[in-house]
Every structure is written in structure tokens, then in C-alpha cells.
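For reference, the chains in residue letters:
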Amino acid sequence: MSDARDLTEKSQHADPVLVACVVFQTRAPEHLIQKIREAITAIAQTPACPIIPEINSPRSLPEDAWLRHSEAANYLGISKSTLYQYACQHKIECRKLGGRLEYRRSTLDRFKDLQIRRTHQWFAQKSIITTALGSGK
């Protein structure tokens, strides 16, 4: 029980911790990461901050997978010719690399989400059964 109190007392008397979140928009992320590393290294050399945080390059993050044309068609559940028509009509984003069309999986997912439509309400209103029931026959 006294160990828990000691830890509580130590955490209450500890130096305050500063946490910062900064957002940068850049076309050269490698240059920005190098500058941030230099700044952190300079800060870490002061006696008050002995820990150097790890900064990952945006290239090391998992990228969105690119699917070939046939794989993308199978993923969407449509024929290759239909997918080709969608690409030609600019209904779906793609890239041409080495004479082959490729599609991002996230683009295909967004395309799927846009294809969801509400059911038609006129089916219930114009069905034969409701008309027959209302006519008294």
C-alpha cells in the first residue's frame, strides 16, 4: 500500500510534460523530416531532455495497395470491359503504368460506396396487390 502512495507522490511532484502536435503540408517530406530530426537532436543535447523520439519517414508507412485491372474488376465484382468503360468515362480513378491500368484499393472502396442506392418507393405504391385490395374485388 505504501508503494502505491510513493508512486502517487512522485508523479504529483514530477516536472510538467509538454506534448505538441504540429501539422505541416509539404511537397518535400524528406526535407521536412530532416529539419525536424535536426531540431530534436539539438533539443535532446540539453540536459533536461535525454530522450530522442523516433520519427518515421512517410515512405515507411504502409501504402494503399494498387490492384491490376483484372484484380480490380474481380474486387468490384464486374467485368474487365465494364471497368475499362468506367475508367475511360472518368467515373473511377486509375493510372496507366507500363501500358497497364492500375487502381487503388481505397478508390475502389469509395466507388463501391457511391454505388449504393435507396430502394424504389414506387414499388410499394404501384403494386398490383394494393390496387386489387382497394378496388373491392
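The rules we used
- Residue indices begin from 1 for each chain and proceed along its sequence in written order.
- In keeping with the predicted nature of the model, local features appear solely for residues at pLDDT of at least 70, side-chain atom pairs appear and are counted solely at 80 or more, and the whole-chain, interface and lining totals rest on all residues.
- Think of the side-chain values as coming from all heavy atoms in the structure, minus any hydrogens and water.
- Pairing of aromatic side chains here covers Phe, Tyr and the six-membered ring of Trp, requires ring centres within 6.5 Å, and sorts the geometry by plane angle: under 30 degrees stacked, over 60 edge-to-face, intermediate tilted.
- Only runs of H or I of at least four residues qualify as helices and only runs of E of at least two qualify as strands under DSSP, and these elements are numbered from the N terminus.
- For the exposure calls, accessible area comes from a 1.4 Å probe over protein chains only, and a residue counts as buried if that area is under 20% of its type's maximum, exposed if over 50%, partly exposed in between.
- To sit over a ring, a charge needs its Lys NZ or Arg CZ within 6 Å of the ring centre and within 35 degrees of the ring normal.
- Contact definition: two residues touch when any of their heavy atoms are within 4.5 Å.
- Only one rule defines a salt bridge in this text: a Lys or Arg side-chain nitrogen within 4 Å of an Asp or Glu carboxyl oxygen.
- We call a set of buried residues a nonpolar core when its members are Ala, Val, Leu, Ile, Met, Phe, Trp, Tyr or Cys and they connect through side-chain atoms within 4.5 Å of each other.

Enquirer: It is not clear to me how the packing of aromatic side chains should be interpreted in this structure. Could you clarify?
Expert: Each aromatic ring pair is summarised here by two numbers: the centre-to-centre distance and the angle between the ring planes. If you walk through the whole model with that rule in mind, you get one aromatic pair. Measuring from centroid to centroid gives 5.2 Å for Tyr86 and Phe111, while their planes differ by 55°, and the two rings are tilted. In this pair, Tyr86 sits in helix H4 (residues 80-88) while Phe111 sits in helix H5 (residues 105-114), placing the two residues 25 residues apart along the sequence. Residue classification places Phe111 among the buried residues on the basis of a relative accessible area of 10%. Over the ring of Tyr75 we find Arg105; its NZ or CZ atom is 5.2 Å from the centre of that ring. The ring of Tyr75 is capped by Lys112, whose NZ or CZ atom sits 4.2 Å from the centre of that ring.

Enquirer: Looking at this structure, how should I read the side chain of His69?
Expert: Along the polypeptide, His69 turns up in helix H3 (residues 69-76). Residues within four places of His69 in sequence aside, it is in contact with Lys80, Leu83, Tyr84, Leu101 and Tyr103.

Enquirer: What's the story with the pattern of salt bridges in this structure? I'm lost.
Expert: Pairs can form between side chains of opposite charge once their charged atoms are near each other. Tallying each qualifying case throughout the model produces one salt bridge. Across the pair Glu102 and Arg95 runs a salt bridge whose closest N-O atoms are separated by 2.7 Å. On the basis of relative accessible area, Glu102 is assigned to the buried category, the value being 13%.

Enquirer: Is there a simple way to explain the nonpolar core in this structure?
Expert: The nonpolar side chains of soluble globular proteins are, as a tendency, buried together. Among the nonpolar cores identified, the biggest contains eleven residues, and these are Leu67, Ala72, Ala73, Leu76, Leu83, Ala87, Ile92, Leu101, Tyr103, Leu108 and Phe111. Only H3, H4, strand E3 (100-104) and H5 provide two or more residues apiece to this core. Here the element with the most residues in this core is H3; it accounts for three residues. If we ignore the near neighbours within four places in the chain, the residues touching Phe111 are Leu76, Tyr86, Lys91 and Ile92.

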